[in-house]
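Notes for the structure review
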Amino acid sequence: MSERRAKNLMRPSQYIDNVMYVQAKEEKEKNRLRLKTSIVTIRCLALQGCAFRGNDESLSSSNHGNFLELVKAFAKMSMEINEVVLENAPKNTQYIAPEIQKDILHIMANRVRQMVREEVGDKFFCILVDEARDISKREQMAIILRGQGYDGASNMRGAWNGLQALFLRDCPYAYYVHYFAHRLQLTLVSVAKDVSVIWEFFSHLDNIVNIVTSSIKRIAKLHTAQRNEIEHMLAIGERDSGSGVNQIGNLQRAGATRWSSHYNLVKSLIGMYAATCKVFEVLSDYSPNGRAKAKVRGIYRNMASFEFVFILHLMHKIMRTTDTLC
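Residues numbered from 1 in each chain as written. Predicted model: local features only at pLDDT ≥ 70, side-chain atom pairs only at ≥ 80, totals over all residues. Heavy atoms only, no water.

1. Regarding the overall build of the chain
Convention followed: Here a strand is any run of E in DSSP of at least two residues, a helix any run of H or I of at least four, and the numbering for each starts at the N terminus. Only protein chains enter the accessibility calculation, which uses a 1.4 Å probe; a residue whose area is less than 20% of its type maximum is buried, one above 50% is exposed, and one in between is partly exposed. Between two residues, a contact is recorded if the distance between any of their heavy atoms is within 4.5 Å.
Looking only at helices and strands, the chain has 14 helices and four strands in total. Considering the chain as a whole, with its 326 residues, one finds that 28% of them fall into the buried category. Taking the intrachain contacts of the chain between residues at least 6 apart in sequence as the baseline, contacts between residues at least 24 apart amount to 54%.

Shown next, in the form of structure tokens:
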């Protein structure tokens, strides 16, 4: 017994304080790797503007959301990461809880704001504030650090309670300028409303998009028609082949608050006009009832008219210029 204790005294690495130090150091390294994995995952999703959480993150779910699935992907690519994350991590230091994700995201946001302040310094700057509807029809506000420029809405330009007034209270030198690109958009809308044939044209354009994109099957028909047209044009030498030249696309829906988005719709319809006509021809014959057939045929008849095609190309030429301005 005395001999064994003497041998233990001769091996300092076996001292209890040294053993605890080594274990604590290993645990710190695992925690750092675990936290780094979560930080890199959050940074990647934030950079791409992706949602973090899934509808069902339970163990039985087949899709746990972007955050957890990306952490799993990192674990599959690295045994070192796999050994410290998710089910291999202690329950109290997994660093995957929604609250942890938000905390890390807020730290990143604060860091970005700090870098912006350091870059701007004492220079003049401008803040552009605008809003647009997302896919759920909710208004989302975008803020761009350039200058104080808004549209003409009273809640933005109001001299007493508008956003510009709130800025002026804290910074009297923050000049307000009406957003000129928005003025151009308002001008386009006003002119289009005053010319009845143009306003009717855009109404018909919306009807075409609604018909073609109302179901997955119809979109698939559009893609098939485009593919057949491209193959035919290549075969007769009317199209050039090459990487990214002959892409299969969709009709671009116009946005409610971005008049310039109508240009994308006009451009996309010109590019796939023949394919869109093919879809309407099929729907004209195979719609489920007489009412649906009559609606499709009426829209198709208007789409195939000389007046519609002429205005389509006229608006493409005009809006190609205005698109660069607003």
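2. Brief notes about the packing of helix H12 (residues 273-286) against helix H13 (residues 290-303)
Packed helices, taken two at a time, are described by their axes: the angle between them and the distance between them. Formally: Between N-to-C directions, angles span 0 to 180 degrees; the directions come from axes that are lines fitted to C-alpha atoms, helices contributing only their stretch in contact. For classification purposes, an angle smaller than 35 degrees is called roughly parallel, one larger than 145 roughly antiparallel, one from 65 to 115 roughly perpendicular, and anything else oblique. Helix crossings fall into two classes, left-handed where the near helix is turned counterclockwise from the far one by less than a right angle and right-handed where it is turned clockwise.
As a packed pair, H12 and H13 sit with axes 9 Å apart at the nearest point and diverge in direction by 150 degrees. Classified by the angle between their axes, H12 and H13 sit roughly antiparallel to one another. Crossing handedness for the pair H12 and H13: left-handed. Where H12 approaches H13, its residues Tyr-273, Thr-276, Cys-277, Phe-280, Glu-281, Leu-283, Ser-284 and Asp-285 are matched on the opposing element by Lys-293, Val-296, Arg-297, Ile-299, Tyr-300 and Met-303.

3. What about the packing of helix H9 (residues 196-212) against helix H14 (residues 306-322)?
Stated precisely, the cut-off is as follows: Lys, Arg, Asp and Glu make up the charged group, whereas Ala, Val, Leu, Ile, Met, Phe, Trp, Tyr, Cys and Pro make up the nonpolar group; the residues left over, Gly among them, are polar.
Interhelical geometry of H9 versus H14 gives an angle of 100 degrees and a closest axis separation of 11 Å. Viewed along their axes, H9 and H14 adopt a mutual orientation that is roughly perpendicular. Listed contacts from H14 to Val-197, Ile-198, Phe-201, Phe-202, His-204, Leu-205 and Ile-208 of H9 are Glu-307, Phe-308, Ile-311, Leu-312, Met-315 and Met-319. A per-class count over the contact of H9 with H14 returns 11 nonpolar, one polar and one charged.

4. A short note on the packing of aromatic side chains
Worth spelling out the cut-off: Side-chain rings of Phe, Tyr and Trp (the six-membered ring for Trp) are treated as a pair once their centres are within 6.5 Å; stacked means planes under 30 degrees apart, edge-to-face means over 60, and tilted covers the remaining angles.
Enumeration according to the criterion identifies four aromatic pairs in this entry. Aromatic pair Phe-201 and Phe-202: ring centres 5.1 Å apart, planes at 70 degrees, arrangement edge-to-face. According to the relative accessible area criterion, Phe-202 is buried, its value standing at 4%. A ring pair is formed by Phe-306 and Phe-310, whose centres lie 6.0 Å apart and whose planes are at 25 degrees; its orientation type is stacked.

5. Some details on the pattern of salt bridges
Formally: A side-chain nitrogen of Lys or Arg and a carboxyl oxygen of Asp or Glu constitute a salt bridge if their distance falls within 4 Å.
As enumerated under the stated definition, the model contains one salt bridge in all. A salt bridge links Lys-72 to Glu-69, with the shortest nitrogen-to-oxygen separation between them at 3.9 Å. Pair noted here: Lys-72 and Glu-69 are both in helix H3 (residues 66-77), with a separation of three residues, about one helical turn.

6. Re the side chain of Ser-61
For clarity, the threshold we go by: Here a polar contact is recorded for every N or O atom pair within 3.5 Å, except that within protein the pair must consist of a potential hydrogen donor and a potential acceptor, and residues adjacent in sequence are included only if both atoms are side-chain atoms.
Of note, Ser-61 is situated in the loop between helix H2 (16-48) and H3. Here the side chain of Ser-61 touches Asn-63 through a polar contact of 2.9 Å, landing on its backbone oxygen.

7. Notes on the side chain of Arg-34
Worth spelling out the cut-off: Counting rule applied: Lys, Arg positive; Asp, Glu negative; His and chain ends not counted.
By the element assignment, Arg-34 lies in helix H2. Put simply, Arg-34 is tucked away with no salt bridge, and the nearest opposite charge, on Glu-27, sits 4.5 Å away.

8. Concerning a negative patch on the surface
Threshold: By definition, no residue in a patch forms a salt bridge, and every one has over 30% relative accessible area; like charges are joined within 9 Å, nonpolar side chains (Val, Leu, Ile, Met, Phe, Trp, Tyr) within 5 Å. Note on areas: Shrake-Rupley with a 1.4 Å probe; residue coverage comes only from the protein chains shown. Working definition for charges: the position is that of NZ of Lys, CZ of Arg, CG of Asp or CD of Glu.
A grouping of Glu-26, Glu-27, Glu-29, Glu-80 and Glu-83 is seen on the molecular surface, where their side chains present a negatively charged patch. Top element by residues in the negative patch is H2. It accounts for three residues. If you trace the backbone, Glu-26 turns up in helix H2. Residue Glu-26 is classed as partly exposed on the basis of its relative accessible area, which comes to 44%.

9. What to know about H14
Rules: Any helix carries an expected span of 1.5 Å times its number of residues minus one. By construction, the arc corresponds to the directions joining the helix axis to the C-beta atoms.
Its 17 residues place the ends of H14 24 Å apart at the C-alpha level, agreeing with the 24 Å of an ideal helix rising 1.5 Å per residue. Among the residues of H14, those classed as buried are Phe-308, Ile-311, Leu-312, Met-315, His-316, Met-319 and Thr-322. Down the axis, H14 shows its buried residues gathered within 145 degrees of arc, on one side only. Away from its buried face, by an angle of more than 90 degrees, H14 presents the exposed residues Phe-306 and Lys-317.

10. Remarks on the confidence of the model for the chain
Note the cut-off: A score between 0 and 100, pLDDT records how confident the predictor is in each residue.
Confidence in the prediction of the chain, expressed as mean pLDDT, is 78, and 71% of residues score 70 or more. The least confident element of the chain is helix H6 (residues 154-157), whose mean pLDDT is 56; the most confident is H3, at 90.

11. Regarding H13
With 14 residues, H13 should reach 20 Å at 1.5 Å per residue; the first-to-last C-alpha distance of 20 Å fits that figure. Check the buried side of H13 and you find it contacts H9, helix H11 (261-271), H12 and H14. Here H13 starts with a cap whose side-chain oxygen sits 3.2 Å from the backbone nitrogen of Arg-291, and that cap is Asn-289.

12. As for the nonpolar core
Filter applied, for reference: Definition of nonpolar core: a set of buried residues of the types Ala, Val, Leu, Ile, Met, Phe, Trp, Tyr and Cys, connected through side-chain atoms within 4.5 Å.
With 32 residues, the main nonpolar core has Phe-201, Phe-202, Leu-205, Ile-208, Leu-251, Leu-269 and Phe-280 as its most contacted residues. Sorting the residues of this core by element identifies H9, helix H10 (216-235), H11, H12, H13 and H14 as the ones contributing at least two each. At eight residues, the largest contribution of residues to this core is made by H9. Leave out the neighbours within four places in its chain, and Phe-280 touches Ile-208, Ile-211, Val-212, Val-296, Ile-299, Tyr-300 and Met-303. Leu-33, Leu-68, Ala-75 and Ile-104 belong to the second-largest nonpolar core, a separate cluster that totals 15 residues.

13. Thoughts on the state of the cysteines
The condition that has to hold: In what follows, a disulfide is any cysteine sulfur pair within 2.5 Å.
If you walk through the whole model with that rule in mind, you get zero disulfides. No disulfide involves Cys-44; its nearest neighbouring cysteine sulfur is the one of Cys-50, lying 7.2 Å away.

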